[in-house]
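Read off the chains here:
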Amino acid sequence: METSMSILIGVLFTIGTYLILTKSLLRIILGTSIISHGVNLLILTMGGLKKGGPPLLGESSTTFTDSLPQALILTAIVINFAVTALFLVLSYRTYKTLGTDDMDQLRGIEDE
Amino acid sequence: MNNLVILPIIIPLIAGLIMILIRKKILVQRIIGIFTIIVMGMVSISLMNQIKENGIQSLQAGGWEAPFGISIVADMFSAILLLTTSIVALFCFIYSFSTIGREREAHYFYPLFLFLITGVNGSFLTGDLFNLFVCFEVMLISSYVLISLGGTKLQLRESIKYILINVISSSLFLLAIAYLYAITGTLNLAHLSLRVAEVGQDGLLTTVSLLFLIVFGMKAALFLFFWLPGSYSAPPTAVAAIFAALLTKVGIYAIFRLFTLVFYHEPQITHLLIGILGAITMLLGAIGAVAYWDIKKILTYNVIVGVGFIIIGLASFTSMGMMGSIYYLIHDIIIKALIFLLGGTIIHITGTSKLKDMSGLIRNHPYLGWMFFIAALSLSGIPPLSGLLGKIFITRGTFEAELYWLGAIGLMTSLMVLYSIMKIFMNGFWGETYLSKEMEKGSMTKSMTLAIGCLTAMTIALGLGAEGIQVYVQHATDSMMNPHEYLEAVLGKNPIR
């Protein structure tokens, strides 16, 4: 299970990196979003994947799931949601104001 | 247990929330803001004195004992930085009154400013790695809005890049946290320190520590500073000054915290790398500062040089170097705010940031000119101003650690810094006066003069009165070089194994 999760995380990171390296602003934002999904899955995997244990440590229970990674992911998702929303709004505003979403034209070389 | 520790986070947060409710009443917002920051400063002073007498203060949030709950910890290093933060924040806040403009004031500039301070204070105080991430995000999200608030073309273009860089580095931060959690099974800094000391810092942990170095290096502009000159020249002066003074310093604080508390077992790998990165940062920053003829560019490259210089004190990993770093960190926060406010004022008066288009400002603005001169001398560490002591101690530290090349590069770059900043003074203030009083684009207002004057007085006072803060700095150095004290303060006398 951990192996296939690792491969999936790798694929997500690859796609994210590819998208961030493209020129279109929207693709870049999608890329950051996909990378952060990859990170969330990584946190889950790093906490150890177990089947069928509640995140409670009772007297009779023998297995339990570590609940900390889930708490971390929940926080990370909320933060990522807010940042992505802000980023999207800002990129739309940039597109309206500067009239382009091509990163090549947003380089900001002097005296253009 | 000491509830005072959490106040520097709570106070600006609540004040900011109240300000959102009274959006239209600008004057009330200003008064609340000043009051809040002063209270914050007083809390940090009383924290400093408590720490001096009773050792490191901590608070376990919600009463959950250390490795399970979130700890808020204040040691002397954090308390000193908290106090410096409140001083700089106060003057940048006052400076913004007449320069930031009605529009920005009506669109939540002041609450955002306080949220930024909340994040900065939170990062200084937290004793938990994930909580550090959250506080970083609080700070960064406020900074995203502050940098783009106003929506000019330049601001929008630069804020896109700024946000992208920070989103990626935040993802890497989480990645590093996940790896560290998998290896050690804890995220509490004190508990991490204990566990890493127990199992030994093997290759895997060292690799993770280098990942953290990359993440914080990106935030602190250590070597990975390519985003900084563009981003910091976009926002209005008061915002640029607070960014230059505080945001990179939070990254530096995180590097110091991790590499003195947790990953201090393999200095020949990690600390040497930090030294090399610091040297490259200083050299490239100094070259940039010398090369440009634009005030904003020169000042932003000076921020980068400062970062490199502070970090080589850590690289030496001697108590002398550490003490120098703390002195220089305090100095750098104040002087970077001051020099950005001065540069911004020059741009405000002349209406241009190109050095070749200005000349002879000293005739109409003698006080501004001389304050700039004092700031320039202080920046490059001329006695008796505040930069000197930090430079001496850091250089001595590198020599003690037998890293002579590092100290030499540090001294060489301070000469280049002096040249770059004198270039602004000579071109801007000397020479023939083109601009008569009437032709100037803007004038100095009372709040601007007050803010700049007080910060200049601070840098002189910090230089002449260095003896007075010596006790505190020495205390901070000692507790950083002995992580044991931190562990006892957080985990109790007999740390659970």
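Bear in mind that the values here come from a model prediction, so they are computed numbers and not experimental data. (Residues numbered from 1 in each chain as written. Chains lettered and ligands numbered in written order. Predicted model: local features only at pLDDT ≥ 70, side-chain atom pairs only at ≥ 80, totals over all residues.)

**Student:** Honestly, the overall build of chain B in this entry has me stumped. Any pointers?
**Tutor:** When you go through chain B residue by residue, the secondary structure sums to 20 helices and two strands. Taken over C-alpha atoms, the radius of gyration comes to 22 Å for chain B, in line with the 23 Å a tight globule of 497 residues would show. Once the C-alpha set of chain B is aligned to its principal axes, its extents read approximately 75 × 55 × 40 Å. A fraction of 81% describes how many contacts in chain B between residues 6 or more apart in sequence connect residues 24 or more apart. (Helix = DSSP H or I, 4+ residues; strand = E, 2+ residues; numbered from the N terminus. Rg over C-alpha atoms; globule rule 2.2 N^0.38 Å. Contact = placed C-beta atoms within 7 Å.)

**Student:** Please explain the UniProt feature "domain: NADH:quinone oxidoreductase/Mrp antiporter transmembrane" (unreviewed entry) in chain B as it appears in this structure.
**Tutor:** As recorded in UniProt, the feature "domain: NADH:quinone oxidoreductase/Mrp antiporter transmembrane" (unreviewed entry) lies at residues 127-416 of chain B. For residues 127-416 of chain B, the helix share is 79%, the strand share is 0%, and the end-to-end C-alpha distance is 38 Å. (UniProt positions renumbered as here; feature names shortened; annotations may be inferred.)

**Student:** What is the right way to look at the packing of helix H13 (residues 295-316) of chain B against helix H14 (residues 319-350) of chain B in this model?
**Tutor:** Helix-helix packing: each pair is described by the crossing angle between the helix axes and the interaxial distance. Contact geometry of H13 of chain B with H14 of chain B gives a least axis separation of 9 Å together with a crossing angle of 175°. Taken together, the axes of H13 of chain B and H14 of chain B lie roughly antiparallel to each other. (Axes fitted to C-alpha atoms, helices over the stretch in contact; angles between N-to-C directions. Parallel < 35°, antiparallel > 145°, perpendicular 65-115°, else oblique.)

**Student:** I'm lost on the UniProt feature "transmembrane region" (unreviewed entry) in chain A in this one. Help?
**Tutor:** All names here are of chain A. As annotated in UniProt, the feature "transmembrane region" (unreviewed entry) corresponds to residues 6-21, 28-49 and 69-90 in the numbering used here. Annotation note: span residues 6-21, helix share 94%, strand share 0%, distance between end C-alpha atoms 23 Å. The span residues 69-90 is 100% helix and 0% strand, and its two end C-alpha atoms sit 31 Å from each other.

**Student:** What's the story with the environment of histidine 271 of chain B in this structure? I'm lost.
**Tutor:** Residue and element names in this part refer to chain B. Among the structural elements, histidine 271 can be located in helix H12 (residues 270-291). Residue histidine 271 is classed as buried on the basis of its 21 C-beta neighbours within 10 Å. When the C-alpha atoms of histidine 271 and phenylalanine 259 are compared, they prove to be 8.0 Å apart, with 12 residues separating the residues in sequence. Apart from residues lying up to four places away in sequence, histidine 271 is in contact with Phe259, Leu314, Ala315 and Phe317. (Buried ≥ 20, exposed ≤ 12 C-beta atoms within 10 Å, placed from the backbone.)

**Student:** How should the interface of chain A and chain B be read in this particular structure?
**Tutor:** Frequently, the measure chosen for interface size is the accessible area removed from exposure when the parts meet. Listed by partner, the interface residues are 26 residues for chain A and 25 residues for chain B. Secondary-structure elements contributing two or more residues to the side of chain A that touches chain B are helix H2 (25-46) and helix H3 (68-98) of chain A. Residues belonging to the side of chain A that touches chain B are distributed by class as follows: 17 nonpolar, eight polar and one charged. (Nonpolar A, V, L, I, M, F, W, Y, C, P; charged D, E, K, R; others polar.)

**Student:** Help me understand the nonpolar core in this model?
**Tutor:** Generally speaking, a soluble globular protein has its nonpolar side chains buried in company with each other. Ile80, Ile177, Ile242, Ile255, Ile334 and Ala337 of chain B are the most contacted members of the largest nonpolar core, which totals 216 residues. Considering each element in turn, this core owes the most residues, 19 residues, to H14 of chain B. (Core = buried A, V, L, I, M, F, W, Y, C linked by C-beta atoms within 7 Å.)

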